[in-house]
Amino acid sequence: MSFTGQSATGPDESSTTRSSTPAAGLVRKAVVVGGNRIPFARTGGAYTRSSNQDMLTAALDGLIARFGLQDERIGEVAAGAVLKHSRDFNLTREAVLGSALSAETPAYDLQQACATGLETVLGLANKIKLGQIDSAIAGGVDSASDAPIAVSEGLREVLLDLNRAKSLPQRLQVLSRLRPKDLAPDAPNTGEPRTGLSMGEHQALTTAQWKIAREAQDELAYNSHRNLAAAYDAGFFDDLLTPYRGLNRDSNLRPDTTLEKLATLKPVFGKNLGAEATMTAGNSTPLTDGASTVLLASEEWADAHELPKLAAVVDGEAAAVDFVHGKDGLLMAPAFAVPRLLARNGLTLDDIDLFEIHEAFAGTVLSTLAAWEDEEFGRTRLGLDGALGSIDRSKLNINGSSLASGHPFAATGGRIVASLAKMLHEKGQVDGRPARGLISICAAGGQGVVAILEAL
Amino acid sequence: MTDKYTQFVSRGIGKDVARKLGLPQPVVLRRYQPGQSLVPGPILVQGSSGGADELAATLLSWDLDVRRHAVPREKLGAIVLVLDELDRPEDLEKPVLSAASSVRDLAPNGRVVTLSRTPASAQGPAAAAARQGVDGLLRSLAKELRAGATANGIVLAEGVTTASPSALGALRFFLSGRSAFVDGQLLTVATGEGQLPADPEKPLAGKVAVVTGAARGIGAAIARTLHRDGATLVVVDIPAAGDHLAAVANEVRGTALQLDISREDAGQRIIDHAVGRHGRLDIVIHNAGITRDKLLANMDQGRWNSVIAVNIAAQLRINEALLASEHFRNAPRIVSVASTSGIAGNRGQTNYAASKGGVMGMVRATAPLLAERHGSINAVAPGFIETEMTARIPFATREIARRLNSLQQGGQPGDVAEAIAFLASDAAGGITGEVLRVCGQNMVGA
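So, how was this worked out
Residues numbered from 1 in each chain as written. Chains lettered and ligands numbered in written order. Predicted model: local features only at pLDDT ≥ 70, side-chain atom pairs only at ≥ 80, totals over all residues. Helix = DSSP H or I, 4+ residues; strand = E, 2+ residues; numbered from the N terminus. Rg over C-alpha atoms; globule rule 2.2 N^0.38 Å. Buried ≥ 20, exposed ≤ 12 C-beta atoms within 10 Å, placed from the backbone. Contact = placed C-beta atoms within 7 Å. Pairing = 2+ DSSP bridges. Axes fitted to C-alpha atoms, helices over the stretch in contact; angles between N-to-C directions. Nonpolar A, V, L, I, M, F, W, Y, C, P; charged D, E, K, R; others polar. pLDDT = per-residue confidence, 0-100. Right-handed = clockwise from strand over helix to strand, strands pointing away. Expected span 1.5 Å × (residues − 1). Parallel < 35°, antiparallel > 145°, perpendicular 65-115°, else oblique. Left-handed = near helix turned anticlockwise from the far one by under 90°. Core = buried A, V, L, I, M, F, W, Y, C linked by C-beta atoms within 7 Å.

Draft legend 1. Summary view of the overall build of chain B. Helix and strand counts for chain B come out as 14 helices and 13 strands. In terms of C-alpha radius of gyration, chain B reaches 21 Å, essentially the compact-globule figure of 22 Å for 446 residues. Expressed as lengths along the three principal axes of its C-alpha atoms, the size of chain B is roughly 60 × 50 × 45 Å. Among the 446 residues that make up chain B, the fraction classed as buried is 53%. Taking the contacts inside chain B whose residues are at least 6 apart along the sequence as the reference set, 76% of them involve residues at least 24 apart.

Draft legend 2. Representation of the overall build of chain A in the model. Scanning chain A from terminus to terminus reveals 14 helices and 14 strands. Relative to the globule expectation of 23 Å for 456 residues, the C-alpha radius of gyration of chain A, 23 Å, shows essentially globular dimensions. Structurally, chain A occupies a C-alpha span of about 80 × 60 × 45 Å along its principal axes. Burial status across chain A gives 55% buried among its 456 residues. Restricting to contacts in chain A with at least 6 residues of sequence separation, those with at least 24 account for 81%.

Draft legend 3. Structural detail: the sheet that holds strand β8 (residues 232-237) of chain B. All names here are of chain B. The seven strands are arranged β9-β8-β7-β10-β11-β12-β13 in an open sheet whose pairing can be described as parallel. Looking at the sheet topology across the chains shown, the edges are occupied by β9 (255-258) and β13 (435-438). This sheet shows a mean twist of 20° between the axes of neighbouring strands, independent of strand direction. Pairing of strand β7 (residues 208-212) with β8, which is carried by five bridges, proceeds in the parallel orientation. Across the sheet, Val-211 pairs through a bridge with Val-235, a residue of β8. On top of the sheet, helix α9 (residues 266-278) reaches β7, β8 and β9; it is set at about 150° to β8, its chief contact.

Draft legend 4. Highlighting the interface of chain B and chain A. The interface of chain B with chain A comprises 17 residues on the first partner and 16 residues on the second. Within the residue set of the side of chain B that touches chain A, elements represented by two or more residues are α8 (242-251), β9 and α9 of chain B. Ranked by the residues each element gives to the side of chain B that touches chain A, the list is headed by α8(B), at five residues. For the side of chain B that touches chain A, the residue count by class is six nonpolar, eight polar and three charged.

Draft legend 5. Up close: the confidence of the model for chain B. Of the residues in chain B, 98% reach a pLDDT of 70 or more, and the chain-wide mean stands at 91. On the interface metric, ipTM, the complex scores 0.84, and its pTM is 0.88.

Draft legend 6. Spotlight on the pairing of strand β11 (residues 333-337) of chain B. Residues and elements named next belong to chain B. Judged by how many residues are buried, β11 sits mostly within the fold: five of five residues are covered. As paired strands, strand β10 (residues 283-286) and β11 are joined by four bridges and run parallel to one another. The residue bridging Ile-283 from the neighbouring strand is Arg-333, located in β11. Once you follow β10 into helix α10 (residues 301-324) and on to β11, the crossover reads as right-handed. Direction of pairing for β11 relative to strand β12 (residues 376-382): parallel, over a ladder of five bridges. When the bridges of β12 are listed, Ser-336 appears paired with Ala-379.

Draft legend 7. Region of interest: the sheet that holds strand β6 (residues 186-189) of chain B. Residues and elements named next belong to chain B. One open sheet holds the six strands; their spatial order is β2-β1-β3-β4-β5-β6, and the pairing between them is parallel. For this open sheet the edge positions go to β2 (66-67) and β6, each flanked by a neighbour on one side alone. Here seven bridges tie strand β4 (residues 106-117) to strand β5 (residues 150-156), and the two strands are oriented parallel to one another. Bridge pairing in β5 places Ser-116 opposite Val-155. On the sheet, helix α4 (residues 93-103) packs against β1 (43-46), β3 (76-83) and β4 and is oriented at approximately 170° with respect to β3.

Draft legend 8. Inspection of the environment of B:Arg303 at higher detail. Here B:Arg303 is to be found in helix α10. If near-sequence neighbours (up to four positions away) are discounted, B:Arg303 is found in contact with B:Arg292, B:Lys294 and B:Asn351.

Draft legend 9. Focus on helix α3 (residues 50-61) of chain B. Counted at 1.5 Å a residue, the expected span for α3(B) with its twelve residues is 16 Å, and the 17 Å between its end C-alpha atoms agrees. Elements in contact with the buried residues of α3(B): β1, β2 and β3 of chain B.

Draft legend 10. Inspection of the packing of helix α4 (residues 153-164) of chain A against helix α5 (residues 168-175) of chain A at higher detail. All names here are of chain A. Packing of α4 against α5 leaves a shortest axis separation of 9 Å and a crossing angle of 175°. The pairing of α4 with α5 is recorded here as roughly antiparallel in orientation. Across the interface between the two elements, Val-158, Asp-161 and Leu-162 of α4 pack against Arg-171, Val-174 and Leu-175 of α5. Taken together, the residues that form the contact of α4 with α5 break down as four nonpolar, no polar and two charged.

Draft legend 11. Main features of the packing of helix α6 (residues 199-209) of chain A against helix α11 (residues 362-373) of chain A. All names here are of chain A. Look at α6 against α11: their axes get within 9 Å of each other, and the N-to-C directions meet at 40°. Relative to α11, α6 is oriented oblique. Relative to α11, the crossing made by α6 is left-handed. Here Gln-203, Thr-206 and Thr-207 of α6 come into contact with α11, specifically with Gly-363, Thr-364 and Ser-367. Class assignment of the residues belonging to the contact of α6 with α11 gives a composition of no nonpolar, six polar and no charged.

Draft legend 12. Expanded view of helix α14 (residues 413-423) of chain B. Residues and elements named next belong to chain B. Counted residue by residue, α14 has eleven buried out of eleven residues, so it is predominantly covered. Within α14 the residues assigned to the buried category are Pro-413, Gly-414, Asp-415, Val-416, Ala-417, Glu-418, Ala-419, Ile-420, Ala-421, Phe-422 and Leu-423. Elements that come into contact with the buried residues of α14 comprise α6 (165-175), α7 (217-228), β10, β11, β12 and β13.

Draft legend 13. The nonpolar core, seen in detail. Counting residues in hydrophobic clusters, the biggest one holds 267 residues, and the most contacted among them are A:Val32, A:Leu296, A:Leu453 and B:Val380. With nine residues, helix α1 (residues 52-67) of chain A is the single largest residue contributor to this core. Not counting the four nearest positions on each side in its chain, A:Leu453 is found in contact with A:Val32, A:Ala311, A:Ala312, A:Val313, A:Val314, A:Leu420, A:Ala421, A:Leu424, A:Gly437 and A:Ile439.

Draft legend 14. Structural detail: the confidence of the model for chain A. Per-residue confidence for chain A gives a mean pLDDT of 91, with 94% of residues at or over 70. Segment residues 1-24 of chain A is flagged for pLDDT under 50; beyond a separation of four residues in sequence, or across chains, it makes 43 contacts in the model.

Draft legend 15. Here's a closer look at unusual backbone geometry. Positive phi outside glycine occurs at A:Asn397, with the angle close to 45°. Here A:Asn397 is to be found in the loop between α12 (375-381) and α13 (402-405). Given 25 C-beta atoms within a 10 Å radius, A:Asn397 is considered buried. A positive phi angle is found at B:Asp63, which is not glycine, with a value near 65°. Tracing the chain through its elements places B:Asp63 in the loop between α3 and β2.

Draft legend 16. Looking closely at the environment of B:Val252. Residues and elements named next belong to chain B. Inspection of the secondary structure puts Val-252 in the loop between α8 and β9. Each C-alpha atom, one on Val-252 and one on Leu-204, is 14 Å from the other, the two residues being 48 residues apart in sequence. If we ignore the near neighbours within four places in the chain, the residues touching Val-252 are Ala-223, Arg-224, His-227 and Leu-233.

Set out below in structure tokens:
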């Protein structure tokens, strides 16, 4: 790894005064105006009959209503879904056409597994920074309830050959290749194509490797539920969420869960690890349906439209790991992306006031933090003098995260960006500089995308 | 939508059957639509005072077909009865009886509007008797009119003339289809304040209006009507109603504010949103309200307190914030939704009626506080309105409730919205501290 970054021993002088990327000054700011999502629903629940397009349109319409964007031609809308029907090739554009936005608003789909939502924010923010567009809506949606089901490879080949066959005998010959097993449908799963292991099984290996205790995972899950419930009670989501199909809170939220209850759950992943099996349904995210959107703009556009400016999108970084050969855990890419991003911006973990680390599994968050605290990992893998550092847990996921809210894959990035932008705006200044927030999202394929936001 | 019975008896065989059996014969009311003529025929102006002459001249200047003398058997769109110079009850005879022969010629959905002076400022008992007499006359005539025709009165306070902006504003409202479900009501014009709109089709152009409880029913109708009249809308409702609220906001091209109005800081949040997003705040419509019906003997603290908190305490607190705000100083308008339950009472609604009675008391007492900033505050008291809420009333009770008024039908949410839009306009600037009933002259209550 060629990375040579700032050591964890302290920020350099400029990092406390400089507030943006090295390119700041050359490009303009991209700001988060606000966001809207629909409550997330456990799969098979309230949104069982809702398609990705339905949910994304609903999330868009709520955003439009909140910010008065009816008939507005937005610079560009980008969103995506991880589980996507082939007929939804233009999902985002179709959602725009079904919304109250101007039909002249262009849109594109993007897909980067669970990092989809955050990557739409970063891509669009970059376009705004470069002056290509003045406004944008980033988003994501996923439905595990309305997942696409494909026909088997055997049946698919037969159907395609049948289409190419020219005569009746040819058609009969093609059909004769069909076997009963070909009629079984091919449902999507979260297994990694190259290892055959599910994401949970992968994480179970990583969790065991970093020796993350069951109690620590349960505590993280407990805090997630408690924090999210408190945020709802305080009205934090009143201007971040629009109810949908009878839900006005995330249906996975268990405000009354306890550490004792979580401790009673049996492990569901890594069962072959014996005593080291620590991952339960309580400290893993369930399959979830939902959609989220984020309104981004240049400062000028936000001002001209009399809209709020919550936070600036400062910078972002993607990383990937070689999980196929077991060099790193499947979901450990953010452990590499974050140090690179911090170094590029002259920052350390101590310069971050709010951490939003996506809780794919409690074990993912804790493995990442353990890696950052590990001296050897810091030296050998990150190229630092020692450990990257540790974080103040009271700054982590303070309004709850995916373990409580659920995790509709592509919608998680938008949820986090809008919430963090609001939290940063409320926090305002810290030590005479704008409050800073770090987002970390792991993704299938051994990938991760991270970003820094800064209060306005 | 007009109820099925009204549709059935409005034409063909249903009309004949209803007439022969002496059944109620409601008609489909002529409701306002942009571009519609003010009245369905010529306007007869009765009365010999200078005020009557001036009014006739004004109506002519509006390009209306005005008559000063009745032409026998000519269908009339409206009869305007100017009674602004009554000294004794005997003075009623001439104008009233000359108008009487024309009542038969009133077209379906025609209008009778009286203009008289307030008894409160009368010089002596005879003048007061004559002026108060108009009240009884008007309400009785309203009950005699048929086929969707209505009668309403404008009462002029001391110093207000038939040419005052709000006298003319109220006249336009009562003549038009905007007042379709207002019947048998008298509205007092208190001052010469107010201004007629440059464009009668966009009386709220340039105004920023907040409507609470706007996610559905009457609130959504108010938002649509204010939008049609040219206002920029902020629609407010509780977060749990956010999906319906978003749909309304997108329909009226406004912004949605998910907010529980019973929160301590609701008033400030409303002001901040309106001023921050739209640069100003001119109109606040207190529509949000809840019912938690129970006989008083079975009433519990939760039911009582929640109704008082949402229906009146929240309005009082928001008004305090508005009155304290520098952004609510330029001829601001507040309109509250009251209820005929607050006037006449309703079994099972002690809490609701107390809150709605409270709204009327609040409106009267707040009017003087707004006077120095040329503002106004009024209430609209709906009678039986066809909404999702009244659709849940059992069939027989509902059928009786909806027929027990002079128009023999329930009102539409839009009818309430029209009255509110009028009171929110500058044309009603001289009307303040009033309660206007939109009830088709319901038999219950005053």
